[in-house]
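Examining the three-dimensional arrangement
One letter stands for each residue in the lines below.
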Amino acid sequence: MVSLTDFQRIGVGLVGFGLFFILFGILLYFDSVLLAFGNLLFLSGLVFIIGFRRTFTFFFQRPKLKGTSFFLGGVLTVLMRWPLLGMLLEAYGFVLLFRSFFPVAFGFLGSLANIPVLSKLLEKVGESSSVV
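Heads up: these notes are all about the structure in this document. Keep in mind it's a predicted model, so treat the numbers as computed, not measured.

Broken down by element type, the chain carries seven helices and zero strands. From first element to last, N terminus to C terminus, the chain shows the α and β order α-α-α-α-α-α-α. Relative to the globule expectation of 14 Å for 132 residues, the C-alpha radius of gyration of the chain, 18 Å, shows a markedly less compact shape. Overall size of the chain, expressed as C-alpha extent along the three principal axes, is 50 × 40 × 30 Å. Sorting the 132 residues of the chain into buried and exposed places 27% on the buried side. Contacts in the chain between residues far apart in sequence, at least 24 positions, make up 51% of those at least 6 positions apart. Surface exposure of the chain reaches about 9,700 Å², of which carbon and sulfur atoms provide 74%.

Below is the structure:
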């Protein structure tokens, strides 16, 4: 079990609420206030979890400057009440920032099929061919 400090626990809560507000803002047809609030909570939670210095060095590495500019430009665009354009910019920046992480995540998801209970569940889902 990973032990978290109090600041990291607060950060996990802020990130969770940030993702909730972003999802809720998308579900309510790109409500700019909810999206902006979710963005601010998410970024502040990230700072609480990994620290200000690590957050700064992650976002402002030389190869990641393009992704950072698109992501933070999207956040600013959402704050200026252009939510659809801002979310598109954020999504493109997110893909550029975490491009190297995607193969690891997909490899982990692929390894989930080797878990006995989950593999049987995936087989059942694959067999059902209802056309409803």
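Next comes the rest of the account.
The subject of this paragraph is helix α3 (residues 52-59). Among the residues of α3, Thr55, Phe58 and Phe59 are the ones counted as buried. End-on, the buried residues of α3 take up no more than an arc of 90°, which puts them together on one face. Check the buried side of α3 and you find it contacts α2 (32-50), α4 (65-79) and α5 (83-97).

Tallied over the full model, the rule gives 11 aromatic pairs. A centroid spacing of 5.6 Å and a plane angle of 70° characterise the contact between phenylalanine 20 and phenylalanine 21, whose relative ring orientation is edge-to-face. Judged by relative accessible area, phenylalanine 20 falls into the partly exposed class, the value being 46%. With a centroid separation of 4.7 Å and 50° between ring planes, the pair formed by phenylalanine 94 and phenylalanine 98 is classed as tilted. Here phenylalanine 94 falls in the partly exposed class, since its relative accessible area comes to 36%. Among the aromatic residues, those joined into a ring-pair cluster are Phe58, Phe59, Phe71, Phe94 and Phe98.

Among the nonpolar cores identified, the biggest contains eight residues, and these are Val15, Phe42, Leu43, Phe58, Phe59, Phe71, Val75 and Leu97. Going through the elements one at a time, α2, α3 and α4 are the ones with two or more residues in this core. In this structure, Ile22, Leu35, Val78 and Met87 belong to the second largest nonpolar core, which totals five residues.

So, about the environment of asparagine 39. Looking at the element boundaries, asparagine 39 is found in helix α2. Overall, the relative accessible area of 3% leaves asparagine 39 in the buried class. As for asparagine 39 and leucine 72, which are separated by 33 residues in sequence, their C-alpha atoms are 9.7 Å apart. Ignoring any residue separated from it by four or fewer positions in sequence, one finds asparagine 39 in contact with Ile22, Val75, Val78 and Glu90.

Rules and cut-offs
Residues numbered from 1 in each chain as written. Predicted model: local features only at pLDDT ≥ 70, side-chain atom pairs only at ≥ 80, totals over all residues. Heavy atoms only, no water. Helix = DSSP H or I, 4+ residues; strand = E, 2+ residues; numbered from the N terminus. Rg over C-alpha atoms; globule rule 2.2 N^0.38 Å. Buried < 20%, exposed > 50% of the residue type's maximum accessible area, 1.4 Å probe, protein only. Contact = heavy atoms within 4.5 Å. Areas by Shrake-Rupley, 256 points an atom, 1.4 Å probe, with all protein chains shown as cover. Arc of directions from axis to C-beta. Phe/Tyr/Trp six-rings, centres within 6.5 Å; stacked < 30°, edge-to-face > 60°. Core = buried A, V, L, I, M, F, W, Y, C linked by side-chain atoms within 4.5 Å.

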